Every structure is written in C-alpha cells, then in structure tokens.
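Working through the structure, step by step
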Amino acid sequence: MASTMEPLPGTADIWEPETRTWVRLETMAREVFSRYGYGELRTPIFERTDVFVRGIGDETEVVQKEMYTFEDRGGRSLTLRPEGTAGIMRAIASQGLSQGEEKRVFYIGPMFPGERPAAGRRRQFHQVGVEAVGRCNPAIDAECIAMQHDYLRAIGLPGAKVLLNSRGTVEDHQRISDAFREYFTPRTDDMCDDCRRRASTNVWRILDCKNSQCQSVIEGAPAIPDLLGVESRRFFDTVCELLDALDIAYEINPRLVRGLDYYEHTVFEVIYEGDELGAQNAISGGGRYRISLPGSNKSVEGVGFAAGLERLLLAQNAVSQEAASMGEIDIFVAALGEGTLSEGLRLAQELRRRGHRVIAETEGRSLKAQLRTANRVNASVALIRGENELANNTVTCKAMTGPDQDEVSLDSLDEWLAGHLLS
Ligand code: HAM
C-alpha cells in the first residue's frame, strides 16, 4: 500500500523548505539571463514525436531508448519533452525568423527523459536553459558561456569546471567520422556491445560511452580540433580568445561531443568535481546547433545551454551550506572598531534600498572572521567601515574574487560597486 503513495522512480515531491531554494535558483536564472537580453518562453510539455526525432537525431540514445512516447485518441504520436531545445526551435520557427534576425529566449521547467533512473539521473528533472537563435558567430557562443558562468557564480558555484570543444560543421563531419572509424574499427574487440554497433552506425556516439573499458580506448582517439577545417578551426580559436578576454576559465577536452546530434561548432559542459554527484557530474551543458524542423526541409541554428536544477542543488549544498541557507549576496559590510556596527548596519540598509543584496556584520568580530563569513556567503565585495574610514568619510572596498582593494569616498561608492558587482 505504502509504495503506491510514493512518487514513481526517478520523480520526486519537492517540499518546503527545499522549494524555496528552487525558487531562488529560478529567480536568479531569470535575473541573470534577462541582463543579457533573453526573454522567457514557455512551450508545451508534450509535442509531436517528430519534433524530437528530427530535432535531436534518431541515432541518439535519447530518441532510441529514452522518450515517453504515446498515442493520443486521434492516433497521433506524441512525446513528453526529454529536453528543451527542440521544442523551443519549433516554437521560434512557427513564428518565423527573418534572415539575420536573432531571438534570445530562456526557459525554466520539467523535462522527461524516460531513461533508467539512477543516482543523479531522473525521469522528471528540471532545467533552466537559454537559446540564442538565428545568428552564427563566435562572439554569441563566448557570451553564452560567459552568461552560464555568471549564473553559476550567482548561485554560489563559481569554481565548476568548464570543458570546451568544437564538433566543426557538417563539412568537417565526414573527415572526423572517417578518422574515428579508422581508429575504432580495429579496436572494437576491446569495447562494449553498444560501441561495437556504434562503430558502424554512428561512430561519434562511442565518445559518450561511460564503460571503463571503452573509456581507455576513447582516450587514444583522434583529437577533434586537429581534424577541423580552416574555417571551423578559426571559429573555435576565436571562441577561446574571447573567453580569455572575458576571463572565463575553461579546459579544452578534444573528445567532448555531447549526446545530442544537433551540435555543430562549439560544445561545452560544466562538471562539478565533488563526490556528491557521482558519475552524473555534469551540472550544465550546451553548444551551437542546427536543428531540422519537422515537416519541412528547413533548419534553424542557434547556441544555448541548459543546467539541471537537481544537480545544481546537490552541488550548491555541498559547496556552501551557509550560502544556500542565506541566499545570494552581493555585498558584505564589515564593521571594525568602536561605534562602527551601527554605521555598518545603516550603510547596509542604504545599499539594500538601492537594490543590492547585503549582509552586515552584527557582532563586531575580528576582520579576519568577518572576511571569512563574506567568503562563505559568496559575497562579491566586502565594504569595510572602520574608525579611520568613519573619520575620513570613506569606505574600504575589497573585491572578494580579485586583488582590487581601494579606499573610496562615500560619494564614489556607487561607481566602484558598478565596476565590481555582477551587472
Ligand atoms: P543535456 O546535457 O542533455 O543538454 O542536459 C543539460 C543538463 O541537464 C545536464 O548537464 C544535467 O545537469 C541535466 N540533466 C540532463 N538529464 C538529466 C537527468 N536525466 N536527470 C537529472 N538531470 C539531468 C540539453 O538538454 C540541451 N538541450 C542543452 C542545450 C541547450 N544545448 C543547446 N541549447
């Protein structure tokens, strides 16, 4: 009896206080994505099956094994969306997109991959995602990765590792497929049954295999960036240069292909390296793609990413219990010395009225202890109002993630903050 009351395997009920953390992750996504000019789009949870088969690719694991597909009373084949991108493309295409026009949308909601549930792999999970559709240039890709970085930073996961690669364009795919086939075909005896089949059906899929025996073969496979044509290589190098200019750390993984067939050029994945997520350690992933539309020979191109809320929560809780319980913080106001506590509280109040998220020191501890708290709550900056600063009508402003520390007049504080807070 009790088991019929439980949610189905791979699904969950989400209760207070956890729901509050969910809302915070969603709110932060809305805030960060809208700063980059993305607007929210809500699409149906089910679509015609063809939207996913054509969009995601019929050789992908998702389409072959992992979709909730059913017939409605009219005999139409429908599918619960296993991911967000294909439905978003269908919606954008249904509105029409003129040549050179760009649409930037974000989405938040449940996805339903019917894969076998395991730790970190759910049958209903939730994504926040973005798509910039209609234009193709490396700057949009770099900005998309920068936005993903801003989001992860805003929710307290600034150090997660970004893996980057390029899959080139369709013009490169034949060359890359040939190189993979030449490498893998003589080695299939050392690989799992699935990979043996993939060597002749879709050799790229081998690179996604998690089987440890296959992994050791995959490690020696040709590196994709070395196989790219001149144009694709230039595109990839420009994405890397722009990320360097934006100070976004990444690691090139020359064998990253990602599990969906629609990708071209840039692909990326964010890995959380703590033990809490086990083998399912990708908290976010995305790339540039071209998606075929059902019922037409047209395709739409874009770039985007999606992050899994369940995995973000696991990683976030592991990184900082305190940050998770206190919410996200821009500024920590430290107080130092006689009579500075109330000054600090007053400054914090003023900054909150100007829209900043602020925590102020309430005990008058040592500066070291206060800065430790500023770090733990993941504040971007600490403002120190000590006796000297009070006398001089100044604030000492310290960036928590960089070397900048300046004593500025109260009048110039806004300007300093504008240069150091995530805008
Ligand atoms: P994806 O890599 O399939 O990409 O999913 C993105 C993220 O969703 C993963 O990194 C993971 O955090 C989470 N996720 C995926 N499957 C599950 C699952 N079964 N259980 C729990 N979490 C999961 C996409 O979905 C692409 N549509 C992303 C994209 C957008 N590419 C371009 N634009």
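Parameters and conventions
Each chain has its residues counted from 1, running along the sequence as written. With the structure being a predicted model, the display of local features is reserved for residues of pLDDT at least 70 and the display and counting of side-chain atom pairs for 80 or more, all residues being used for whole-chain, interface and lining totals. By convention in this description, side-chain values take in all heavy atoms of the structure and omit both hydrogens and water. As defined here, a cavity is a set of points on a 1 Å grid over the protein atoms alone where a 1.4 Å probe fits but cannot get out. A pocket is an open set with protein on both sides within 12 Å along at least five of seven lines, and residues line them when an atom is within 4 Å of a point. Grid points are joined across faces, edges and corners, and a volume is the space filled by probe spheres set on the points. Three classes are used: nonpolar for Ala, Val, Leu, Ile, Met, Phe, Trp, Tyr, Cys and Pro, charged for Asp, Glu, Lys and Arg, and polar for all others, with Gly counted as polar. In this text, helices come from DSSP runs of H or I with a minimum length of four residues, and strands from runs of E with a minimum of two, each type numbered from the N-terminal end. Whether two residues are in contact is decided by their heavy atoms: any pair within 4.5 Å suffices. Put simply, a salt bridge is a Lys or Arg side-chain nitrogen that is within 4 Å of an Asp or Glu carboxyl oxygen. Relative accessible area decides the class of each residue, using a 1.4 Å probe on protein chains only: under 20% of the type maximum gives buried, over 50% gives exposed, and in between gives partly exposed. The pairing criterion is simple: DSSP has to find at least two bridges between the two strands. The convention used is that axes are lines fitted to C-alpha atoms, helices contributing only their stretch in contact, and that angles between N-to-C directions extend from 0 to 180 degrees. Here, the term nonpolar core denotes a set of buried Ala, Val, Leu, Ile, Met, Phe, Trp, Tyr and Cys residues that are joined through side-chain atoms within 4.5 Å. Domain segmentation is taken from an automatic or database assignment of domains. Buried area: the accessible area, evaluated with a 1.4 Å probe, that two parts lose upon being put together, summed over both parts. Counted as a polar contact is a pair of N or O atoms within 3.5 Å, where, for protein atoms, one must be capable of donating a hydrogen and the other of accepting one, and residues adjacent in sequence contribute only when both atoms are in side chains. The near set for a molecule or strand comprises every residue that places at least one heavy atom within 4 Å of it. Per-residue and other accessible areas follow the Shrake-Rupley method at a 1.4 Å probe size, with only the shown protein chains counted as cover for residues.

**A word on empty space enclosed by the protein**
Here the structure, examined in full by the defined rule, presents two cavities of 30 Å³ or more. In this structure, the second largest cavity encloses a volume near 30 Å³. As for the second largest cavity, its lining consists of H149, L152, L157, P158, A160 and V162. In terms of residue class, the lining of the second largest cavity is made up of five nonpolar, one polar and no charged.

**As for the side chain of Q127**
Mapped onto the fold, Q127 is located in strand 6 (residues 125-133). Once you skip the residues sitting within four places of it in the chain, Q127 turns out to touch G84, Y107, I108, G109, M111, A306 and A307.

**Focus: the pattern of salt bridges**
Counted according to the given criterion, the structure contains 31 salt bridges. Two residues, D261 and R205, come together in a salt bridge whose shortest N-O distance is 2.4 Å. Taken together, the residues D261 in the loop between strand 8 (251-252) and strand 9 (263-271) and R205 in the loop between helix 8 (193-198) and helix 9 (212-218) connect sequence positions 56 residues apart. D261 sits in the partly exposed class, given a relative accessible area of 26%.

**Section: the pairing of strand 5 (residues 103-111)**
The side chains of a regular strand alternate between the sheet's two faces. Of all nine residues making up strand 5, seven are buried, and the element is well covered by its neighbours. The sheet contact formed by strand 1 (residues 39-40) and strand 5 spans two bridges and is parallel. In the strand pairing of strand 5, E40 is matched with F106. Sheet analysis places strand 5 next to strand 6, joined by nine bridges and oriented antiparallel. Note that in strand 6 the partner of G109 across the bridge is Q127.

**With respect to the sheet that holds strand 14 (residues 381-386)**
The five strands are arranged 13-12-14-15-16 in an open sheet whose pairing can be described as mixed. For this open sheet the edge positions go to strand 13 (358-360) and strand 16 (405-409), each flanked by a neighbour on one side alone. The average undirected angle you get between the axes of adjacent strands in this sheet is 25 degrees. Note: strand 12 (residues 331-336) against strand 13, three bridges, orientation parallel. Following the sheet pairing, F332 is matched in strand 13 by I359. Those strands touched by helix 15 (residues 367-376) are strand 12, strand 14 and strand 15 (394-399), and its axis lies near 170 degrees from that of strand 12.

**Brief notes about the nonpolar core**
Core analysis: the largest hydrophobic core is formed by 67 residues, its most contacted members being F33, Y151, F184, I283 and L312. It is helix 6 (residues 138-154) that provides the largest number of residues to this core, a total of nine residues.

**What about the domain arrangement of the chain?**
On domain assignment, one finds that the chain holds domain 1 (18-169 + 229-323) and domain 2 (328-416). For domain 1 versus domain 2, the distance between C-alpha centres works out to 37 Å. The interface is formed by twelve residues belonging to domain 1 together with eight residues belonging to domain 2. Summed over both sides, the interface between domain 1 and domain 2 buries roughly 760 Å², with carbon and sulfur atoms accounting for 36% of that surface. Joining domain 1 to domain 2, the criterion identifies one salt bridge. Counting across the interface, domain 1 meets domain 2 through one residue pair in polar contact (both at pLDDT 80 or more).

**Considering the environment of G364**
Within the fold, G364 resides in the loop between strand 13 and helix 15. Through-space distance from the C-alpha of G364 to that of A160 is 33 Å; in sequence the pair is 204 residues apart. Not counting residues within four places of it along the chain, the set of residues in contact with G364 comprises L341 and Q370.

**Focus on the site of the ligand**
Near the ligand, the surroundings consist of 27 residues, among which E83, T85, E115, E131 and Y263 are the closest. A distance of 3.0 Å separates a nitrogen atom of the ligand from a polar side-chain atom of Y262. A distance of 3.1 Å separates an oxygen atom of the ligand from a polar backbone atom of I283. In the complex, the protein chains occlude 91% of the 660 Å² of accessible area that the ligand would expose alone. Counting only elements with at least two residues in the shell around the ligand, the list comes to strand 6, strand 10 (282-292) and strand 11 (299-308). It is strand 10 that contributes the most residues to the shell around the ligand, seven residues altogether. Of the residues that constitute the shell around the ligand, the class distribution is eleven nonpolar, nine polar and seven charged.

**Here's the deal with the pairing of strand 7 (residues 161-166)**
By the criterion of burial, strand 7 is predominantly enclosed, with five of the six residues buried. In the sheet, strand 7 pairs with strand 9 via six bridges, with the strands oriented antiparallel. From the neighbouring strand, V162 faces strand 9, where its bridge partner is V270. As judged from the two bridges shared by strand 7 and strand 8, these two strands associate in the parallel manner.

**Details of the sheet that holds strand 10**
Strand pairing in a sheet relies on backbone hydrogen bonds. The paired strands run either parallel or antiparallel. In space, the eight strands of this open sheet follow the order 1-5-6-11-10-9-7-8, with mixed pairing throughout. Looking along the sheet, the strands with just one partner apiece sit at the ends: strand 1 and strand 8. In the packing of helix 11 (residues 230-245) onto the sheet, contacts are made with strand 7, strand 8, strand 9 and strand 10, and the angle to strand 7 comes to roughly 160 degrees.

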